[in-house]
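Letter by letter, the chains look like this.
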Amino acid sequence: HFTMQEDTGSFRISYQNLWHKSLLSNTSKNQIKVDLVDENFTELKGEIAGPPDTPYEGGRYQLEIKIPETYPFNPPKVRFITKIWHPNISSVTGAICLDILKDQWAAAMTLRTVLLSLQALLAAAEPDDPQDAVVANQYKQNPEMFKQTARLWSHVYAGAPSSSPEYTRKIDKLCAMGFDKNAVIVALSSKSWDVETATELLLSN
C-alpha cells in the first residue's frame, strides 16, 4: 500500500508493523480494507462489505477513521461515510454506537478488530442501545419494513443489488415533485413509506 522512510521514529515503525499484521493479513477473506488518507497515520479510510444474509449484503461501506495521538490506549474515532439504515448508526451523521469504540476499548485491539466488529454489528443490531431512535423503532415494530428500508439504502448508497420496486416508485414520485432525492429517502424511510406524511415532512423543512 505504501512505503516508509527509514529515518522515522520507532513509534512509526511499530505502527507500521501493527498496521501490516492487523490489516493486510486476511483482508480479502473478510472483505475489509483500510487505506491511508494522510502520511501521518492520523486519518484512514476503511471499507467493509455488507455481511451475507443481511439487508446490507452486496454493499460496500466507506468509513472515516481518525487515530488519536493517544492510540492505542484510546480507541480510533470511526464513522460511516456511506449512508446506512441501522439502529446503531446515525442515518444522518454516520456516528456509531459500539461499546469497543467507547468504554470497552482495549489497547490490544487493532483496526482489524474494529472493522470486523462493525461488520458483526451490521449482522446483529442492538436496538435497545440505539444511535438512531427512528430506525430502532422501526426495527422493533416492523421488522419486515426495516429490512426492506435497509436494503433500499444499501442499493442507493452502497451499490447493493436493487430492492423493493414499490419503494423505488414512491421515491421517484416525490423526486418528480422537485424534492431532493436524499431528503425524499429519509422522509419516506422515517414515515413508514407513507407518501402523504413524508410529503408533509418535506414541505415543513
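Residues numbered from 1 in each chain as written. Predicted model: local features only at pLDDT ≥ 70, side-chain atom pairs only at ≥ 80, totals over all residues. Heavy atoms only, no water.

- As recorded in an unreviewed UniProt entry, the protein goes by Ubiquitin-conjugating enzyme E2 K and comes from Oncorhynchus mykiss.
- One UniProt comment on the protein, placed under Subunit (unreviewed entry), says "Interacts with RNF138/NARF. Interacts with BRCA1." (UniProt positions renumbered as here; feature names shortened; annotations may be inferred.)

**Description of the side chain of Thr 110**
Then, number 1: Inspection of the secondary structure puts Thr 110 in the loop between strand 4 (77-80) and helix 3 (111-123).
Then, number 2: Here the side chain of Thr 110 touches Thr 113 through a polar contact of 3.0 Å, side chain to side chain. (Helix = DSSP H or I, 4+ residues; strand = E, 2+ residues; numbered from the N terminus. Polar contact = N/O pair within 3.5 Å; in protein donor to acceptor, adjacent residues only side chain to side chain.)

**Thoughts on the pairing of strand 3 (residues 60-66)**
Then, number 1: By the bridge criterion, seven bridges tie strand 2 (residues 43-49) to strand 3 in an arrangement that is antiparallel. Each bridged residue has a counterpart across the sheet, and for Gly 46 the counterpart in strand 3 is Leu 63.
Then, number 2: Of the strand pairs in this sheet, strand 3 and strand 4 are connected by four bridges, and their pairing is antiparallel. Paired with Glu 64 across the strands is Arg 79, a residue of strand 4. (Pairing = 2+ DSSP bridges.)

**Comments concerning the nonpolar core**
Then, number 1: With 46 residues, the main nonpolar core has Ile 48, Ile 65, Phe 80, Ile 96 and Leu 118 as its most contacted residues.
Then, number 2: Not counting residues up to four positions away in its chain, the partners in contact with Ile 96 are Val 78, Arg 79, Phe 80, Asn 88, Ile 89, Leu 101, Lys 102, Leu 118, Leu 121 and Gln 131. (Core = buried A, V, L, I, M, F, W, Y, C linked by side-chain atoms within 4.5 Å. Buried < 20%, exposed > 50% of the residue type's maximum accessible area, 1.4 Å probe, protein only. Contact = heavy atoms within 4.5 Å.)

**Focus: helix 3**
Then, number 1: With 13 residues, helix 3 should reach 18 Å at 1.5 Å per residue; the first-to-last C-alpha distance of 19 Å fits that figure.
Then, number 2: Taken residue by residue, helix 3 has Leu 111, Arg 112, Val 114, Leu 115, Leu 118, Gln 119, Leu 121 and Leu 122 as its buried positions. (Expected span 1.5 Å × (residues − 1).)

**A short note on the packing of helix 5 (residues 143-158) against helix 7 (residues 181-190)**
Then, number 1: Put simply, helix 5 and helix 7 touch, their axes get as near as 11 Å, and they point 170° apart. Accordingly, the angle class assigned to the pair helix 5 and helix 7 is roughly antiparallel. Judged by residue contacts, Thr 149, Leu 152, Trp 153, Val 156 and Tyr 157 of helix 5 engage Lys 181, Asn 182, Ile 185, Val 186 and Ser 189 from helix 7.
Then, number 2: For the contact of helix 5 with helix 7, a count of residues per class yields six nonpolar, three polar and one charged. (Axes fitted to C-alpha atoms, helices over the stretch in contact; angles between N-to-C directions. Parallel < 35°, antiparallel > 145°, perpendicular 65-115°, else oblique. Nonpolar A, V, L, I, M, F, W, Y, C, P; charged D, E, K, R; others polar.)

**Concerning the sheet that holds strand 2**
Then, number 1: Taken together, the four strands give an open sheet; going across it, the order is 1-2-3-4, and neighbouring strands pair in antiparallel fashion. In this open sheet, the two strands that pair with only one neighbour each are strand 1 (32-36) and strand 4. For this sheet, the mean angle separating the axes of adjacent strands, direction not counted, is 25°.
Then, number 2: In the packing of helix 3 onto the sheet, the strands contacted are strand 1, strand 2, strand 3 and strand 4, and the crossing angle to strand 2 comes to about 40°.

**Digging into unusual backbone geometry**
Then, number 1: Residue Pro 72 is bonded to the preceding Tyr 71 through a cis peptide linkage, with omega at 10°.
Then, number 2: For Asp 53, which is not a glycine, the phi torsion comes out positive at approximately 60°.
Then, number 3: The residue Asp 53 is located in the loop between strand 2 and strand 3 in this model.
Then, number 4: Residue Asp 53 is classed as exposed on the basis of its relative accessible area, which comes to 75%.

**Section: the packing of aromatic side chains**
Then, number 1: By the definition in use, this model includes seven aromatic pairs.
Then, number 2: Ring geometry for Tyr 56 and Tyr 61: centres 6.2 Å apart, planes at 80°, overall edge-to-face.
Then, number 3: Clustering of aromatic rings is evident, with ring pairs tying together Tyr 56, Tyr 61 and Phe 80. (Phe/Tyr/Trp six-rings, centres within 6.5 Å; stacked < 30°, edge-to-face > 60°.)

**Regarding the pairing of strand 2**
Then, number 1: In terms of burial, strand 2 is largely enclosed, as five of its seven residues are buried.
Then, number 2: Hairpin connection of strand 1 to strand 2: six residues between the antiparallel strands, including Phe 41 at a positive phi of 65°.

**What to know about the pattern of salt bridges**
Then, number 1: Scanning all chains against the criterion turns up four salt bridges.
Then, number 2: Glu 47 is the partner of Arg 60 in a salt bridge, and the nearest nitrogen-oxygen pair spans 2.6 Å. Placement of Arg 60 in strand 3 and of Glu 47 in strand 2 is noted, with a sequence separation of 13 residues between them.
Then, number 3: Since its relative accessible area comes to 33%, Arg 60 is described here as partly exposed. (Salt bridge = Lys/Arg side-chain N within 4 Å of Asp/Glu carboxyl O.)

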